[in-house]
Amino acid sequence: MAISVLPKALPPEELRSFLEELIPGRVLRLGEASLTLTPELAKALRQLFELLLKGEPVRVVSLEAELTTQQAAELLGVSRPYLIRLLEEGKIPYHKVGSHRRVKVQDLLAYREAAKRRGQALLDELVRESQELGLGY
């Protein structure tokens, strides 16, 4: 299941006002229904509204959701052929439904985080080497 929210549909002043009220322990009321904000829920809603305030579209997707290769490629910001190569090299788990590949969101996010850590480690190494060589970086 996926829910998409476009920032243009929500007035920024209303988002800012709501953000100020997102405090754990506060109670949200919609008609007769009420919900006490847990720290996790307050944090998740805060992150959602902050992204919307920046003008970024947001899509909320279950970690267990299975995506097509096109959707998975879009989530990672890569081409579909490159994603398929990653799948076939075993870098991202997937399974087939008939002849179609499906990838879990949680596996894509795990790959993205690992790639980010590898990139940061490489950058740290380059900085260390440039400092050792006196290149001024």
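Scroll up to find the structure this text is about.
Note that the coordinates shown come from a computational prediction; the quantities given were computed from them, not determined experimentally. The numbers attached to residues start from 1 for each chain and follow its sequence in the written order. Residues qualify for local features only when their pLDDT is at least 70, as the model is predicted, and side-chain atom pairs are given and counted only at 80 or more; totals for whole chains, interfaces and linings, by contrast, use all residues. Computation of side-chain values: all heavy atoms of the structure, hydrogens and water removed.

**Side note on the sheet that holds strand β5 (residues 66-67)**
The pairing of strands in a sheet happens through backbone hydrogen bonds and is either parallel or antiparallel.
Then, number 1: As summarised here, the arrangement of the 3 strands in space is β5-β7-β6, forming an open sheet in which the pairing is antiparallel. Strand pairing shows two members of the sheet lacking a second neighbour, β5 and β6 (95-97), which therefore form its edges.
Then, number 2: At least two DSSP bridges between two strands are required for those strands to pair. The helix count covers DSSP runs of H or I at least four residues long, the strand count covers runs of E at least two residues long, and both are numbered beginning at the N terminus. Note: β5 against strand β7 (residues 100-104), 2 bridges, orientation antiparallel. Residue Leu 67 lies in a different strand from β7, and its bridge partner there is Val 103.
Then, number 3: Contacts between helix α5 (residues 105-132) and the sheet are confined to β5 and β7, with β7 contributing the most and set at about 65° to the helix. Residue contacts follow a heavy-atom distance rule, with two residues in contact if any of their heavy atoms lie within 4.5 Å. Whenever a helix is involved, its axis is fitted only over the stretch in contact; in every case the axis is a line through C-alpha atoms, and angles between N-to-C directions fall within 0 to 180 degrees.

**Overview of the pairing of strand β3 (residues 33-36)**
Then, number 1: In the sheet, strand β2 (residues 27-30) pairs with β3 via 4 bridges, with the strands oriented antiparallel. Of the residues in β3, the one forming a bridge with Leu 30 is Ala 33.
Then, number 2: The turn linking β2 back onto β3 is made up of 2 residues, and Gly 31 within it adopts a positive phi angle of 65°.

**Describing the environment of Leu 135**
Then, number 1: Along the polypeptide, Leu 135 turns up in the segment after α5.
Then, number 2: Sequence separation of Leu 135 and Glu 89 is 46 residues, and the distance between their C-alpha atoms is 37 Å.

**Quick word on the pattern of salt bridges**
Then, number 1: Should a side-chain nitrogen of Lys or Arg be within 4 Å of a carboxyl oxygen of Asp or Glu, the pair is scored as a salt bridge. Enumeration according to the criterion identifies 8 salt bridges in this entry.
Then, number 2: For the salt bridge of Arg 26 with Glu 21, the shortest nitrogen-to-oxygen distance reads 2.4 Å.
Then, number 3: Here the term buried applies to any residue with accessible area under 20% of the maximum for its type, exposed to any over 50%, and partly exposed to those in between, with areas from a 1.4 Å probe on protein chains only. Residue class for Arg 26 comes out partly exposed when judged on its relative accessible area of 36%.
Then, number 4: Note that Arg 128 is salt-bridged to Glu 125, the shortest N-O span being 2.4 Å. Here Glu 125 and Arg 128 lie together in helix α5, a separation of 3 residues that amounts to about one turn.
Then, number 5: Overall, Arg 128 belongs to the partly exposed group, its relative accessible area being 36%.

**Some details on the environment of Leu 75**
Then, number 1: Within the secondary structure layout, Leu 75 lies in helix α3 (residues 69-76).
Then, number 2: You can call Leu 75 partly exposed: its relative accessible area is 32%.
Then, number 3: Spatially, the C-alpha atom of Leu 75 lies 8.8 Å from that of Val 105, the residues being 30 residues apart in sequence.
Then, number 4: If we skip the residues at most four places from it in the chain, Leu 75 touches Leu 108, Leu 109 and Arg 112.

**Concerning the packing of aromatic side chains**
Then, number 1: Stacked, tilted and edge-to-face pairs are distinguished by plane angle, under 30 degrees for stacked and over 60 for edge-to-face with tilted covering the rest, among Phe, Tyr and Trp rings (Trp via its six-membered ring) whose centres lie within 6.5 Å. Considering all chains together, one arrives at 1 aromatic pair under this definition.
Then, number 2: With 5.1 Å between their ring centres and 65° between their planes, Phe 18 and Phe 49 make a pair best called edge-to-face. One end of the pair, Phe 18, is in helix α1 (residues 12-21); the other, Phe 49, is in helix α2 (residues 39-53), with 31 residues separating them in the sequence.
Then, number 3: Among the residues examined, Phe 18 registers a relative accessible area of 33% and is labelled partly exposed.

**A look at the nonpolar core**
Then, number 1: Ala 72, Leu 76, Leu 83, Ile 92, Val 103 and Leu 108 are the most contacted members of the largest nonpolar core, which has 13 residues in total.
Then, number 2: Of all the secondary structure elements, the ones that give two or more residues to this core are α3, α4 (80-88) and α5.
Then, number 3: For Leu 108, the residues in contact, after removing those within four places along its chain, are Leu 67, Ala 72, Leu 75, Leu 76, Leu 83, Ile 92 and Val 103. Buried Ala, Val, Leu, Ile, Met, Phe, Trp, Tyr and Cys residues that are joined via side-chain atoms within 4.5 Å together make up what is termed a nonpolar core.

**A short note on the packing of α3 against α5**
Then, number 1: Look at α3 against α5: their axes get within 11 Å of each other, and the N-to-C directions meet at 30°. α3 and α5 meet at a crossing whose hand is right-handed. For the pair formed by α3 and α5, the contact residues are Ala 72, Leu 75 and Leu 76 on the first element and Leu 108, Leu 109, Tyr 111 and Arg 112 on the second.
Then, number 2: Its residues placed into classes, the contact of α3 with α5 shows 6 nonpolar, no polar and 1 charged. Note: crossing handedness is left-handed where the near helix turns anticlockwise from the far helix by less than a right angle, and right-handed where it turns clockwise. When residues are sorted by character, Ala, Val, Leu, Ile, Met, Phe, Trp, Tyr, Cys and Pro go into the nonpolar class, Asp, Glu, Lys and Arg into the charged class, and all the rest, Gly among them, into the polar class.

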